[in-house]
Amino acid sequence: MSGTSYEGAGKKVVLAYSGGLDTSTVTRWLVERDWEVVCLTADVGFLDADPDLEKRALAAGATRLVVEDAQATFARYFVLPALAAGAIYEDRYPLATALARPLIAKLLVDTARAEGAQAVAHGCTGKGNDQVRFDVSVAALAPDLTILAPVRDWELTTRPAEIAYAAEHGIPIRETTASPYSTDENLWGRSIEAGVLEDPWVEPPADVYQWTRSVAEAPDEPAFVEVQFEQGAPVAIDGVAMEPVPLIERMHALAGQHGIGRIDMVENRLVGIKSREIYEAPAAVALREAHQALEALTLSKPQQRLKRRLAQDYADLIYDGLWFTAHHQDLAAYVRSTQRHMSGTVRLRLHKGTVTAVGRRSPRSLYQLSLATYDAADQFDQSAAHGFIQIWGLPVRVQADSQLLQQPESPLQIAAGDDAEP
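Everything in this summary refers to the structure shown in the same document. (Residues numbered from 1 in each chain as written. Predicted model: local features only at pLDDT ≥ 70, side-chain atom pairs only at ≥ 80, totals over all residues. Heavy atoms only, no water.)

1. Describing the layout of surface pockets
Each pocket or cavity is described by its volume, and for the second largest pocket that value is around 420 Å³. In terms of lining, the second largest pocket is formed by 19 residues, of which the most central are R76, L80, P81, A84 and R336. When residues of the lining of the second largest pocket are traced back to their parent elements, those giving at least two are helix 3 (71–85) and helix 10 (326–338). Among the residues forming the lining of the second largest pocket, the class breakdown is ten nonpolar, six polar and three charged. (1 Å grid on protein atoms, 1.4 Å probe; cavity = no way out; pocket = protein on both sides within 12 Å on 5 of 7 lines; lining within 4 Å. Points joined across faces, edges and corners; volume = space filled by probe spheres on them. Helix = DSSP H or I, 4+ residues; strand = E, 2+ residues; numbered from the N terminus. Nonpolar A, V, L, I, M, F, W, Y, C, P; charged D, E, K, R; others polar.)

Here it is as structure tokens:
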């Protein structure tokens, strides 16, 4: 056990409660150590209706269950800024779970303040990313609160041990030792791990996927959908204005029907290990394609290049649990600036697991047909190209004359490094 004291006589703790095996067991474990436990469940989208959720929390020993509908907050203040930033971890993961953790941490802190609690708790293991996201976020928002993480410290080191503990204490859990996967779902995506997926050579079984059709089962005919943006945020689908949550849900249904959004990757966890992860993120993948297409129309080349580089920093800080930092504030300010002219409409083609932008338009477009066309309407002054090339190529010619043409190596050897010319 770590140096954290789990003795809670006369103290209250707010626990991030999913209703599953880990957090139900944690509830009882803390109660046995004299903590008064208030359970908090945050609905950040696609929370399954569970009529027994409160009953399970109370049976585990909680004094009460608080359920927060945080979908709109999650979409507006976490999902849409990440979409605008182009934040994708290691070029694949749209960061759904990672984005929800700082919001849940804030809700834990808010509830702790309201309840007069001295501590907050979560059910994260000691080898995952979420423990870092919760701990660091809570520390940034409320450094005076104690953070309890029993699952990384306690004696119940296996899933069967937890199940036996729950049975012994009369906790009505749904999990069994046969449950194959560990999952997490929210408005922006679904993550699946464990079981046979721990072998990166094994193809994911069909039952892993819940939100997306297989390519074989997807419609044979493509679907076309138009997404309208205002200052970088999606605001309408096919001309129908929508708030962020229903818009994401609509795109989720459309893209998932066509098999879009399946991600199978080996990623680098924050704690230093590689992990095989399966994700389903139909709305995230489709909206990212639309957003990128519109940015190509409305941002200049240097803006696009710098934003693409900073997007990796943005993705890393989300993944690494650094949402509530000054570094994030700085990056977010730049992203917001880049989006001020990012309004327009993108037409997407959804077909057999792929999403493609096939049309885009914007009142602030930097694309000018009169400059790009090769027909009679061409207004590009091609006679200016000669002088441009002369100036552009001047340093190349000077260095070639002074250095490159004087060396014995063939120009073909520069990149390959071969000893002899082919």
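2. Re the nonpolar core
Ranked by size, the top nonpolar core spans 80 residues in total, and within it F74, L95, W188, I318 and L348 carry the most contacts. Take this core: its biggest share by element is eleven residues, from helix 4 (residues 96–115). When sequence neighbours within four positions are dropped, the list of residues in contact with W188 reads F74, V79, L83, P94, A96, L99, I248, A281, A283, A284 and L287. Ranked by size, the runner-up nonpolar core spans 21 residues in total, among them V13, A121, V151 and Y165. (Core = buried A, V, L, I, M, F, W, Y, C linked by side-chain atoms within 4.5 Å. Buried < 20%, exposed > 50% of the residue type's maximum accessible area, 1.4 Å probe, protein only. Contact = heavy atoms within 4.5 Å.)

3. Examining empty space enclosed by the protein
It is a probe the size of a water molecule, rolled over the atoms, that shows where empty space is left. Tallied over the entire structure, the rule returns two cavities of 30 Å³ or more. The space that makes up the largest cavity amounts to roughly 60 Å³. Together, A82, L83, G86, A87, I88, P94, W188, A284 and R288 line the largest cavity. Only helix 3 and helix 8 (282–298) provide two or more residues apiece to the lining of the largest cavity. Along the walls of the second largest cavity sit A85, K307, L310, A311, Y314, Y334 and V335, which together make up its complete lining. At the level of elements, helix 9 (301–319) and helix 10 are the ones that each hand at least two residues to the lining of the second largest cavity. By residue number, the principal contributor to the lining of the second largest cavity is helix 9, which donates four residues.

4. A few points about the side chain of N129
Looking at the secondary structure, you find N129 in the loop between strand 4 (119–121) and helix 5 (130–141). Residue N129 is classed as buried on the basis of its relative accessible area, which comes to 8%. Contact partners of N129, with chain neighbours within four places excluded, come to E267, R269, L270, V271 and Y319.

5. Remarks on the packing of aromatic side chains
Where two aromatic rings form a pair, the distance of their centres and the angle of their planes describe that pair. Across all of its chains, the model carries nine aromatic pairs by this definition. Taken together, a centroid distance of 6.2 Å and an interplanar angle of 15° make the contact between F388 and W392 stacked. With a gap of four residues between them, F388 and W392 both fall in helix 12 (residues 385–392), about one helical turn apart. An aromatic cluster of at least three residues, connected via ring pairs, comprises Y89, Y93, Y279 and Y319. Its end group placed over the ring of W29, R33 keeps NZ or CZ at 3.7 Å from the ring centre. (Phe/Tyr/Trp six-rings, centres within 6.5 Å; stacked < 30°, edge-to-face > 60°. Lys NZ or Arg CZ within 6 Å of the ring centre and 35° of its normal.)

6. Details of the environment of S182
Relative to the assigned elements, S182 resides in strand 6 (residues 182–186). Sequence separation between S182 and A194 is twelve residues, and the spatial gap between their C-alpha atoms is 5.9 Å. Setting aside anything within four residues of it in sequence, one finds S182 in contact with S191, I192, E193 and A194.

7. A few points about the packing of helix 12 against helix 13 (residues 394–402)
Look at helix 12 against helix 13: their axes get within 4 Å of each other, and the N-to-C directions meet at 45°. When the axes of helix 12 and helix 13 are compared, the pair comes out oblique. Along the contact surface, helix 12 presents I389, Q390, I391 and W392, while helix 13 presents L394, P395 and R397. Within the contact of helix 12 with helix 13, the residues separate by chemical class into five nonpolar, one polar and one charged. (Axes fitted to C-alpha atoms, helices over the stretch in contact; angles between N-to-C directions. Parallel < 35°, antiparallel > 145°, perpendicular 65-115°, else oblique.)

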